[in-house]
Amino acid sequence: MKIFDIIMNLSTRLLSMMLLITLANACKGQETENKDNKRVKSSQPTIEKHQPFIYTNSKPHSTLNGTVSEFVWQIYQDEKGNYWFGTNHDGILVYDNNSLIHYTSKDGIGGNAIRAIAEDKIGNIWFGTSSGLTKYNGKEFTNYTIDDGLIDNEIWAIEVDNTGSIWIGTVGGVNKFDGNNFETLEVPKPNVPNPEPMLSKNRVSDILIDKNGHFWFVNDSYGITKFNGNQYEFFTTENGLTDNNVADLFEDSQGNIWIGTFYGGVSKFDGKTFTNFTKEGVIMGLETYNFCEDKAGNIWFSAENYGVYSYNGKDFTQFTVKDGLATNTIQTIYQDKKGQIWFSTWEGISLYDGKEITNVSDKESWTK
């Protein structure tokens with residue numbers, strides 16, 4: 001989610017942007033504040049579209065033994081402790097606590113652009129790819145496409161509900177998969193004047209299932225649709241959003257919904273009121289995504305061109321290349337079971353151990 005290629009393998013529809021879907025990356029661990037960073041305040045920024053791309057880097061960090069040619073889009077550590085990396089177009093890498101293994105479409109996965117990773121209750125790992133849905137059962141890959149009932153092969157989001165059903169956001173809409181059959185679900189969109197879809201008016205780029213079991217769907221340029229099981233509720237610029245082009249949704253441990261957008265910065269919704277920190281001049285960067293909460297309750301997210309922020313409930317702490325990040329353009333943020341926070345950037349992977357940000361290979365030698 002950033003200014004990145006949102007349409008990877010379709011050269012005729014190439015669009016610069018960088019996404020954080022998520023699947024909502026589960027983040028756990030603790031964060032220690034860098035005392036050299038101060039709370040960031042600035043004059044209220046001008047909310048406008050088409051931000052200039054500012055590529056700032058320090059030095060390249062690990063690209064997982066040189067396997068990744070561009071960037072890692074998704075990071076996930078499964079219940080067994082294995083690390084999974086979904087790349088922009090180099091397929092999947094997994095570290096099984098013994099070796100780093102590389103899988104591409106030649107090895108059986110659906111597509112080489114991996115935009116979502118999720119794990120179900122019985123340990124299957126699911127991948128949303130550019131060419132369908134892929135399941136890994138620990139031994140082999142199984143692929144599902146439009147021939148099996150998917151509404152579209154280009155997948156952007158995966159969520160697993162409490163029944164074990166897989167919810168899939170695609171360019172063409174939403175599917176629900178029970179392991180045997182795909183059901184196509186009609187997600188209504190609000191009336192938005194002059195919508196500007198980045199890819200498709202039917203694309204659902206993010207799905208959030210909150211603690212109450214309510215579903216939140218991100219519609220391409222149509223804001224957010226919420227379904228509580230009985231009725232739909234819409235969120236747009238008409239009732240609180242700063243931008244209808246939503247990039248990421250995340251629910252924190254307090255039940256607040258964090259909303260990252262492409263042109264309106266980051267907001268927090270407590271169920272009644274929206275607080276937009278970017279519009280108030282508290283943080284910089286209009287393009288925001290990649291939310292993550294650590295064990296201490298700190299909320300992490302990235303701001304395109306401005307690195308990452310950590311919010312402790314009162315103050316924001318900003319981290320940039322000056323603090324050790326490889327670049328200020330971040331693809332995903334993930335905290336592993338050790339409490340380390342991983343940052344995938346345009347120039348490799350950086351890692352925060354609670355004290356400093358370094359090249360991940362300085363802390364995890366297998367990533368060299």
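Position labels on residues start from 1 in each chain and follow its written sequence. Since the coordinates come from a predicted model, pLDDT governs what is reported: local features require at least 70, and pairs of side-chain atoms require 80 or more to be given and counted, while whole-chain, interface and lining totals use all residues. Remark: hydrogens and water are excluded; side-chain values derive from all non-hydrogen atoms of the structure.

### A closer look at the packing of aromatic side chains
So, point 1. We call Phe, Tyr and Trp rings a pair once their centres come within 6.5 Å, taking the six-membered ring for Trp, and we label the pair stacked below 30 degrees between planes, edge-to-face above 60, and tilted otherwise. Scanning all chains against the criterion turns up 47 aromatic pairs.
So, point 2. Ring geometry for Y136 versus F141: centroids 4.8 Å apart, planes at 40 degrees, classification tilted. An identical accessibility class is assigned to Y136 and F141; each is buried.
So, point 3. The ring of Y222 carries the charged tip of K189 above its face, separated from the ring centre by 5.5 Å. For each residue, the accessible area found with a 1.4 Å probe, counting protein chains only, is set against the maximum for its type, and the residue is called buried under 20%, exposed over 50%, and partly exposed in between. We call a charge positioned over a ring when the NZ of a Lys or the CZ of an Arg lies within 6 Å of the ring centre and within 35 degrees of the ring normal.

### Some thoughts on the environment of T358
So, point 1. Structurally, the position occupied by T358 is in strand β28 (residues 357-359).
So, point 2. Between the alpha carbons of T358 and H61 there is a distance of 8.3 Å; along the sequence they are 297 residues apart. To qualify as a helix, a DSSP run of H or I must reach at least 4 residues; to qualify as a strand, a run of E must reach at least 2; elements of each kind are numbered from the N terminus.

### Quick notes on the pattern of salt bridges
So, point 1. In what follows, salt bridge is the name for a side-chain nitrogen of Lys or Arg lying within 4 Å of a carboxyl oxygen of Asp or Glu. Under the criterion given, the structure shown has six salt bridges.
So, point 2. One salt bridge in this structure joins R203 and D220, with 2.9 Å as the shortest N-O distance. Taken as a pair, R203 in the loop between β12 (182-185) and β13 (204-209) and D220 in the loop between β14 (215-219) and β15 (224-227) lie far apart in primary sequence, 17 residues in all.
So, point 3. Residue class for R203 comes out buried when judged on its relative accessible area of 2%.
So, point 4. Judged by its relative accessible area of 3%, D220 is buried.
So, point 5. Look at the salt bridges and you will find they share partners, linking D353, E356 and K363 into a network.

### Side note on the confidence of the model for the protein chain
A low pLDDT means the predicted coordinates there should not be read in detail.
So, point 1. Confidence of the prediction at every residue is given by pLDDT, a number between 0 and 100. Chain-level pLDDT for the protein chain is 87 on average; 84% of the residues reach the 70-or-more range.
So, point 2. Contacts were defined at the residue level, with two residues in contact if any of their heavy atoms lie within 4.5 Å. Segment residues 1-26: pLDDT under 50, and 114 contacts once partners within four positions in sequence are set aside and those in other chains are kept.
So, point 3. Across residues 28-53, where pLDDT falls below 50, the model places 77 contacts with residues more than four positions away in sequence or in other chains.

### Description of unusual backbone geometry
So, point 1. The phi angle at L64 is positive, at roughly 55 degrees, despite the residue not being glycine.
So, point 2. Position of L64 among the secondary structure elements: in the segment before β1 (72-77).
So, point 3. Here L64 falls in the buried class, since its relative accessible area comes to 0%.
So, point 4. A positive phi angle, near 75 degrees, is found at S221, a position not held by glycine.
So, point 5. Mapping S221 onto the fold places it in the loop between β14 and β15.

### Points about the sheet that holds strand β23 (residues 308-311)
So, point 1. Only strands that DSSP links by at least two bridges are regarded as paired with each other. On the basis of which strands lie adjacent, the open sheet formed by four strands has the order β21-β22-β23-β24 and antiparallel pairing. For this open sheet the edge positions go to β21 (288-293) and β24 (316-319), each flanked by a neighbour on one side alone. Averaged over all pairs of adjacent strands, the angle between their axes in this sheet comes to 25 degrees, without regard to strand direction.
So, point 2. As defined by bridge partners, β23 adjoins β24 across four bridges and the pair is classed as antiparallel. By the bridge assignment for β24, S310 is matched with T317. To get an axis, a line is fitted to the C-alpha atoms, and for a helix only the part in contact is used. The angle between two axes follows their N-to-C directions and goes from 0 to 180 degrees.

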